[in-house]
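# Observations on chain architecture
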Amino acid sequence: MKKTVVWGGVFVTMDEERPVIHDGAMLIEGDKIAYVGARDEALKASADETVNGAGRCFLPGFVNTHGHAAMSLLRGYADDLNLQVWLEEKMWPMENRFTHEDVRCGTLLSIAEMIRSGTTCFVDMYDKMDEVAGAVEATGMRACLTRGIIGFPAEMQEAKLKEAVEFARNWHGAAGGRITAMMSPHSPYTCPPDFIEKVVQASADLGLPVHTHMSETAAEVELNVREYGARPGFHLNRLGVFDRPCLIAHGVHLTDEEIALLAEKDVRVSHNPGSNLKLASGVARVPDLLRAGVLVSLGTDSSASNNNLDMFEEVRLAALLHKGVSGDPTAVPAWEALKMGTLSGALSIWLANVGKLAPGYKADFIAVDIDQPHYYPQTDIVSHLVYSGSGQDVTDVCVDGRWLMRGRELMTIDMERVMRDAQRCLDRLTG
């Protein structure tokens, strides 16, 4: 088993008992972390590889808990529109034309962007998911994948559900455990109640969580009340969705009663501040969710609605946005925002050994160049990462003990080819 020692540097562990270690060391054995702490010459002597960490900060890789990776092909294609117009008139018609090659190329483009900006694990809800899983397997990323199911046309429901079930059976636990799966009815407004119940039953049969969009816009909530006589949270609860382990995306428009329900049912929320702001969907009540005990993580959504996948931006937005909206500078402290992007993200998708630099945890971590003006003077490294940091500062990325980027060079992806292929796909789609 290969032993690698990261020597020197600053370690932000996301461990409450010892959150920051200055001039420390980390031992990696195979795919796991074996030691994080003070520097010890014995560690260095026994290593197969020694990494000089001077001028670097090491922290767990970001976990992006909601997205649609293949939609990177549509970055900049349709901006500055409200959600329903954006979806129904722009996104869905174009996505209906996506081929398997388009999904593969768009996903690879997103994975390259995510690795370069420090994301080591992501959630993806889309179609043609075998292509997504294949890209994850080939590039060394970690991902929680799900075939998103829209419940119309009605005659296609059974075929779509069968496809989602087969995907989950084939890929859950694949790529050495780096790939896990969920079941995903797209949303309450795109799936009839009886169809959602079928997806919930399938998730129970497979022993998998449920992931869905919920309460992203006020219009969506109003539609749900008109059609089903209940707000989305209570509607999904009576359909059994919250009786399964569940992660919802957005949760922007929630009442006190819905927040209490999410807390009671241990429903996790993926907060997508960048996408929600760009689509003018609103601002989620994150401080209230946190106070209620709801586990909140961060997602970018697609780069067609964001328009990038830099989790540093989402972390900073989570820290700043809620201060501004609430008038309370303590609403989401820097540590909480960084935790939402790392450890809380891992826990939100039921990964108990990801998101922390600690013995027994997976060797999923990133290195950030802190020998730059915007990290000086060296005071509070967590504050600097959240309020000053950028995905462009990431120099190295490791997943499962394997280097995916070293010295800003991607190790598992031909980036020039990926960008060229993505442009070729868009040119064909729009030609």
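Structure's up top.
Rules and cut-offs
- Residues numbered from 1 in each chain as written.
- Predicted model: local features only at pLDDT ≥ 70, side-chain atom pairs only at ≥ 80, totals over all residues.
- Heavy atoms only, no water.
- Pairing = 2+ DSSP bridges.
- Helix = DSSP H or I, 4+ residues; strand = E, 2+ residues; numbered from the N terminus.
- Axes fitted to C-alpha atoms, helices over the stretch in contact; angles between N-to-C directions.
- Core = buried A, V, L, I, M, F, W, Y, C linked by side-chain atoms within 4.5 Å.
- Buried < 20%, exposed > 50% of the residue type's maximum accessible area, 1.4 Å probe, protein only.
- Contact = heavy atoms within 4.5 Å.
- Expected span 1.5 Å × (residues − 1).
- Arc of directions from axis to C-beta.
- Parallel < 35°, antiparallel > 145°, perpendicular 65-115°, else oblique.
- Polar contact = N/O pair within 3.5 Å; in protein donor to acceptor, adjacent residues only side chain to side chain.
- Left-handed = near helix turned anticlockwise from the far one by under 90°.
- Nonpolar A, V, L, I, M, F, W, Y, C, P; charged D, E, K, R; others polar.

## Focus on the sheet that holds strand E4 (residues 24–29)
- Pairing is mixed in the open sheet, where 4 strands are placed in the order E5-E4-E1-E6. At either margin of the open sheet sits one strand with a lone partner, and together these are strand E5 (32–38) and strand E6 (49–52). In this sheet, adjacent strand axes meet at a mean angle of 15° when their direction is disregarded.
- With 4 bridges joining them, strand E1 (residues 3–7) and E6 adopt parallel strand pairing. Its bridge partner being in E6, Val-6 is matched across the sheet by Val-51.

## Notes on the nonpolar core
- Within the largest apolar cluster, 110 residues are counted, with the highest numbers of intra-cluster contacts made by Leu-145, Phe-242, Val-368 and Leu-385.
- Looking at this core, the element that brings in the most residues is helix H3 (residues 100–116), giving 7 residues.
- The residues touching Phe-242, leaving out its near neighbours within four places in the chain, are Met-214, Gly-233, Leu-236, Asn-237, Ile-248, Leu-261, Leu-262, Lys-265 and Val-267.
- In terms of nonpolar packing, the next biggest core, distinct from the first, is built from 15 residues, Val-6, Ile-28, Phe-58 and Ala-363 among them.

## What to know about the sheet that holds strand E13 (residues 210–214)
- Taken together, 4 strands build an open sheet; the order of strands is E13-E14-E15-E16 and the sheet is parallel. At either end of the open sheet lies a strand with only one pairing partner, and these are E13 and strand E16 (296–298). Taken pair by pair, the neighbouring strands of this sheet meet at an average axis angle of 30°, ignoring direction.
- One ladder, built from 5 bridges, connects E13 with strand E14 (residues 246–250); its direction is parallel. Its bridge partner lying in E14, Val-210 is registered against Cys-246.

## A look at the pairing of E13
- The buried fraction of E13 is high, at 5 of 5 residues.
- With burial as the criterion, each face of E13 is covered, one bearing Val-210, Thr-212 and Met-214 and the other bearing His-211 and His-213.

## A word on helix H6 (residues 193–206)
- Compared with the 20 Å implied by 1.5 Å per residue over 14 residues, the 20 Å span of H6 between its first and last C-alpha is a close match.
- For H6, the complete set of buried residues consists of Phe-195, Ile-196, Val-199, Val-200, Ala-202 and Ser-203. Relative to the axis of H6, the buried residues are bounded by an arc of 160° and lie together on one face.
- Where H6 is buried, its residues touch strand E10 (142–149), helix H5 (157–171), strand E12 (184–185), E13 and helix H8 (232–238).
- Of the residues one or two after H6, Gly-207 is the one with positive phi, at around 70°.

## Comments concerning the packing of helix H12 (residues 311–326) against helix H15 (residues 381–388)
- Running from N to C, H12 and H15 cross one another at 95°; their axes reach a closest spacing of 7 Å. It follows that H12 is roughly perpendicular to H15 by the angle criterion. From H12, Phe-312, Val-315, Arg-316, Ala-319, Leu-320 and Lys-323 reach across to H15, where they touch Leu-385, Val-386, Tyr-387 and Ser-388.

## Remarks on the side chain of Thr-65
- Locating Thr-65 in the fold gives a position in the loop between strand E8 (62–64) and helix H2 (83–95).
- Taking the relative accessible area as the measure of exposure, Thr-65 reaches 0% and is therefore buried.
- A polar atom in the side chain of Thr-65 sits 2.8 Å from the side chain of Ser-270.
- Side-chain polar atoms of Thr-65 contact the side chain of Ser-297, separated by 2.7 Å.

## Describing the packing of H12 against helix H13 (residues 334–341)
- In contact at an axis separation of 9 Å, H12 and H13 are set at 140° when each is read in the N-to-C sense. Taken together, the axes of H12 and H13 are oblique relative to one another. Here the hand of the crossing between H12 and H13 comes out right-handed. Residues Met-311, Val-315, Ala-318 and Ala-319 of H12 touch H13, and the partners they reach there are Ala-337, Leu-338, Met-340 and Gly-341.
- Split into classes, the residues belonging to the contact of H12 with H13 amount to 7 nonpolar, 1 polar and no charged.

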